[in-house]
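Each chain, written out:
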Amino acid sequence: MKLLRVGPARGERPAVLAADGRLLDLSPVTDDIDGRFLADGGVEAARAAVAAGALPELDADGLRLGPPVARPGKVVCIGLNYRDHAEETGAAIPPRPVVFLKDPSTVVGPYDDVLIPRRSVRTDWEVELAVVVGRRTRYLDSPQEALGAVAGYAVSNDVSEREFQLDFSGQWDLGKSCETFNPLGPWLVTPDEAGDPQALGLRLDVNGRRRQDGNTENMIFDVGYVLWYLSQYMVLEPGDVINTGTPAGVALGLPDHPYLRAGDTVDLAIDGLGSQRQTFVQA
């Protein structure tokens, strides 16, 4: 199932993209796609409503796509989780997941403009597989058990300002938490439809030029391991978003460091999870 949210920012309504391409209004089932919806059997209720033909059709013409999950409590990120990305940035292969947090207010829609921060000279892109948590999760016993806590998967752009991230602080948060720095969506795709999370191609183009072309099979720490690991140190709540790392091809790792400038357009996609496009504008 593909769940999404449509409408103006902070005024989105929940919807389902049906298998035949119709956009269905999920408002008869829930007010929003959020942590409560995911934790209280909302996905199953939505699936039943679709099967029963109980959802009215929406006219998709001109509708903005918002992030597919409302108000995540936290965005947890895994850095350097692809061997080729660690190598291109000159970092050692991490023996344990590199964990940092990103301000949840950075989450915007997949086609929204992204703001280049004032005084930024090194704004960068990162296509990533996002995992959305479906139930309260703590002290999981195994990576295998962890996959049962996944509500779905989505495309994420973990936009980063490298000078803020690497030069201005001993932590990465400054360069990761600028406004609009986490486009998410277009859909939240449930695990049954997404398939094997370790067999998904990821791609990103800047101004029509391919910059990233990877596959989740090359993660150092796979999705199950990441969730299990995080659950040993923090409680994951329904609706939380986990960005699982990016493959090689970011501006930081390229010889000419072609960082983003106002007017640049970024297109990114993951197999089966849809695509995004952002234009970068000056804040």
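Structure first, text after, so check above.
Since the model is a prediction, treat every value here as computed from it, not as a measurement.

Trainee: Teacher, can you tell me more about the overall build of the protein chain here?
Mentor: Within the protein chain, the regular secondary structure consists of eight helices and 19 strands. Structurally, the protein chain occupies a C-alpha span of about 55 × 45 × 30 Å along its principal axes. Per-residue burial for the protein chain yields a buried fraction of 56% across its 283 residues. Summarising the internal contacts of the protein chain: among those between residues at least 6 apart in sequence, 75% fall at separations of at least 24. As displayed, the protein chain has an accessible area near 11,700 Å², and 48% of this comes from carbon and sulfur atoms. Taking the average location of the 27 positive side-chain charges in the protein chain and that of its 41 negative ones, the two points are 3 Å from each other.

Trainee: Any chance you could explain the nonpolar core here in plain terms?
Mentor: The nonpolar side chains of soluble globular proteins are, as a tendency, buried together. Membership of the largest hydrophobic core comes to 50 residues, with the highest contact counts inside it found for Trp125, Leu129, Tyr153, Leu227, Ile242, Ile270 and Leu273. Within the residue set of this core, elements represented by two or more residues are β1 (2–6), β5 (75–79), β8 (114–116), β10 (127–133), β11 (150–157), β15 (201–206), α8 (223–231) and β18 (265–270). With residues near it in sequence (within four places) discarded, Leu273 still touches Leu129, Tyr153, Ala154, Val155, Pro186, Trp187, Val189, Ala194 and Leu200.

Trainee: It is not clear to me how the pattern of salt bridges should be interpreted in this structure. Could you clarify?
Mentor: Opposite charge on two side chains permits them to pair, given that their charged atoms come into close proximity. If you walk through the whole model with that rule in mind, you get 22 salt bridges. Measuring nitrogen to oxygen at the nearest pair gives 2.4 Å for the salt bridge that ties Glu193 to Lys2. With Glu193 in helix α7 (residues 191–194) and Lys2 in strand β1, this residue pair connects regions lying 191 residues apart in the sequence. Owing to a relative accessible area of 37%, Glu193 belongs among the partly exposed residues under this scheme.

Trainee: Just to check I follow, could you spell out the side chain of Thr246 for this structure?
Mentor: Among the structural elements, Thr246 can be located in the loop between β17 (241–243) and β18. Of note is the side chain of Thr246, whose polar atom sits 2.8 Å from the backbone oxygen of Val127. At 2.7 Å, the side chain of Thr246 and the side chain of Gln212 are in polar contact. In contact with Thr246, other than residues within four places in its own chain, are Tyr82, His85, Glu126, Val127, Glu128 and Gln212.

Trainee: How do you make sense of the pairing of β15 when you look at a structure like this?
Mentor: On a regular strand, each side chain points to the face opposite its neighbour's, so the side chains alternate between the two faces of the sheet. A large share of β15 lies buried, amounting to five of its six residues. Bridge count between β15 and strand β16 (residues 209–215): six bridges; the pairing is antiparallel. Directly across from Leu202, in β16, lies its bridge partner Gly214. Two successive antiparallel strands, β15 and β16, enclose a turn made up of two residues, where Asn207 displays a positive phi of approximately 50°. Relative to β18, β15 is paired through five bridges, and the arrangement is antiparallel. Bridge pairing in β18 links Leu202 to Ile270.

Trainee: Got a minute to help me understand the packing of aromatic side chains in this structure?
Mentor: Any pair of aromatic rings gets described here by the distance separating the centres and the angle formed by the planes. Under the defined criterion, the tally for this structure stands at six aromatic pairs. Between the aromatic rings of Tyr225 and Trp228, the centroid separation amounts to 5.2 Å while the plane-to-plane angle is 55°, which identifies the pairing as tilted. You can see Tyr225 and its partner Trp228 sitting in helix α8, three residues apart, about one turn around the helix. Residue classification places Tyr225 among the partly exposed residues on the basis of a relative accessible area of 27%. A relative accessible area of 22% places Trp228 in the partly exposed class. Seen in terms of ring centroids, Tyr229 and Tyr233 are 5.1 Å apart; in terms of plane orientation they differ by 50°. Their pairing is tilted. Judged by its relative accessible area of 10%, Tyr229 is buried. Take Tyr233: its relative accessible area is 55%, and that puts it in the exposed class. Each member of the aromatic cluster is reached from another via a ring pair, and the members are Phe221, Tyr225, Trp228, Tyr229 and Tyr233. Its end group placed over the ring of Trp187, Lys2 keeps NZ or CZ at 5.1 Å from the ring centre.

Rules behind the numbers
Residues numbered from 1 in each chain as written. Predicted model: local features only at pLDDT ≥ 70, side-chain atom pairs only at ≥ 80, totals over all residues. Heavy atoms only, no water. Helix = DSSP H or I, 4+ residues; strand = E, 2+ residues; numbered from the N terminus. Buried < 20%, exposed > 50% of the residue type's maximum accessible area, 1.4 Å probe, protein only. Contact = heavy atoms within 4.5 Å. Areas by Shrake-Rupley, 256 points an atom, 1.4 Å probe, with all protein chains shown as cover. Lys, Arg positive; Asp, Glu negative; His and termini not counted. Charge placed at Lys NZ, Arg CZ, Asp CG, Glu CD. Core = buried A, V, L, I, M, F, W, Y, C linked by side-chain atoms within 4.5 Å. Salt bridge = Lys/Arg side-chain N within 4 Å of Asp/Glu carboxyl O. Polar contact = N/O pair within 3.5 Å; in protein donor to acceptor, adjacent residues only side chain to side chain. Pairing = 2+ DSSP bridges. Phe/Tyr/Trp six-rings, centres within 6.5 Å; stacked < 30°, edge-to-face > 60°. Lys NZ or Arg CZ within 6 Å of the ring centre and 35° of its normal.

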